[in-house]
Amino acid sequence: MHNTVQLIVASQKDRLILESVFRNLGADAVFSQDLNDALSVFEKTRPRAVFIVDGEDTPAEIQIREIARVAPFMPIVILIKQRDASKAVAYMRLGAFDCAQSPWTEEEIRPVYKKALNMSGTALRLDSGQFEKQRAALILTGLLLSLIFGFTAGWFYGFNKYRTETRPPETAELPYSHPSGLAFDKDRILISDWYSQAIYTHDLKDLKITGVASFPDTVPVGLAAGENGIWLATAGGNIEKRMNNEKLTVISKAKPGTGAPVGVCYDGLYLWLAWQKENRISRRLANDELTELKAYQYPGRTITAFSCDARFLWVADEGLRALVKLSPEEPQTALSKTELGQYSSKTLKITALAPKSGKIWFAAEDNGKGRLFSIAEPR
């Protein structure tokens, strides 16, 4: 039985300490620098347990959730840098199998290491025949449930087709609580979170996180995607052009206004910015200086979130409690206003939106949780 474990640790100093400890424990330790690296090699290494060092760029809470999505039965152990019993309890409530407190020694880690391997070696072993049978049974059950759900959904569709009442859009909870920007890059959703200071890449099919880029010195408040990179609006009022690589390397910076914009988007030719304070929309060249071509006064009440595509500009207007559609040629005049039922909630606050394939997607904060939902594009 193999004893491969995976460790996610960015600090070279911590890695050297842990390499020595796990080598002396007889473990075959595979090291990953961050969550992206860990997810990319996860299927190849097939570890029996994952050890995560807390306090690094990607919060341990996010790593627990994403690893649990990939392998729900995987023992996850958090290596805490500073002794904190309340933090250990919080991690275990989130799904961690156990925690090991600093200083990390063989004596400290050996018990949780053995316990994690013993757990993995019984009913929860990833490569066991029993697990494969269970997985096959779960897949079969899932298929049957999908058929039943499909039939039921079809029946409800036919039933609701002739009703005047509109069904609310489906929502999904995000594994972070303060989304601030939303953009689409082919079949991926990019969402920035100002609190964790990161951009999360989600697969559009199942919303699983496929990548995380952290910015310790930047607070992202808006996001736009183009063919040659992305634009990141920051709380300091800068617009950063970044390469569309794993680390989103900075290419250029510009400060086009006084204060942070409430939204930024790219229509394939121009970059558009919007400011809530002045209810102002600005059309700019997508060059390093972001040269302004023209500014417009928004005709509604409050620009809460802003986006665009090649056809229209879109505004979530909290004052009107509506989605407002504007023409890029004449943004001073609204083409349509569609009431958003989500604004009836006292706790939900829409923070970003973006159009995609006939739908308008929204990111929101809701009572300490991040939300993602979509509606059909208004005609």
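Okay, so let's go over this structure. (Residues numbered from 1 in each chain as written. Predicted model: local features only at pLDDT ≥ 70, side-chain atom pairs only at ≥ 80, totals over all residues. Heavy atoms only, no water.)

### Some points on the pattern of salt bridges
Inference 1: Per the stated rule, a full pass over the model turns up 15 salt bridges.
Inference 2: For the salt bridge of R15 with E19, the shortest nitrogen-to-oxygen distance reads 3.2 Å. Here R15 and its partner E19 are both found in helix α1 (residues 12-24), four residues apart, which amounts to about one turn of the helix.
Inference 3: Judged by its relative accessible area of 29%, R15 is partly exposed.
Inference 4: For R188, the salt bridge goes to D185, with nearest N and O atoms at 2.3 Å. (Salt bridge = Lys/Arg side-chain N within 4 Å of Asp/Glu carboxyl O. Helix = DSSP H or I, 4+ residues; strand = E, 2+ residues; numbered from the N terminus. Buried < 20%, exposed > 50% of the residue type's maximum accessible area, 1.4 Å probe, protein only.)

### A closer look at the packing of aromatic side chains
Inference 1: Within the structure shown, the criterion is met by nine aromatic pairs.
Inference 2: Relative to Y195, the ring of W194 lies with its centre 5.9 Å away and its plane at 85 degrees, an arrangement referred to as edge-to-face.
Inference 3: An aromatic cluster of three or more residues is present, and its members are F22, F51 and Y113.
Inference 4: Seen from the ring of W275, R280 lies directly overhead, with NZ or CZ sitting 4.4 Å from the centre. (Phe/Tyr/Trp six-rings, centres within 6.5 Å; stacked < 30°, edge-to-face > 60°. Lys NZ or Arg CZ within 6 Å of the ring centre and 35° of its normal.)

### Some details on the side chain of R283
Inference 1: Among the structural elements, R283 can be located in strand β17 (residues 280-285).
Inference 2: Buried charge without a partner: R283 forms no salt bridge, and the closest opposite charge is D267, 7.0 Å away.
Inference 3: In this structure the side chain of R283 is engaged in a polar contact, spanning 3.4 Å, whose partner is the side chain of Y296.
Inference 4: Excluding residues within four positions of it along the chain, R283 makes contact with Y270, L271, W272, T291, E292, L293, K294 and Y296. (Lys, Arg positive; Asp, Glu negative; His and termini not counted. Polar contact = N/O pair within 3.5 Å; in protein donor to acceptor, adjacent residues only side chain to side chain. Contact = heavy atoms within 4.5 Å.)

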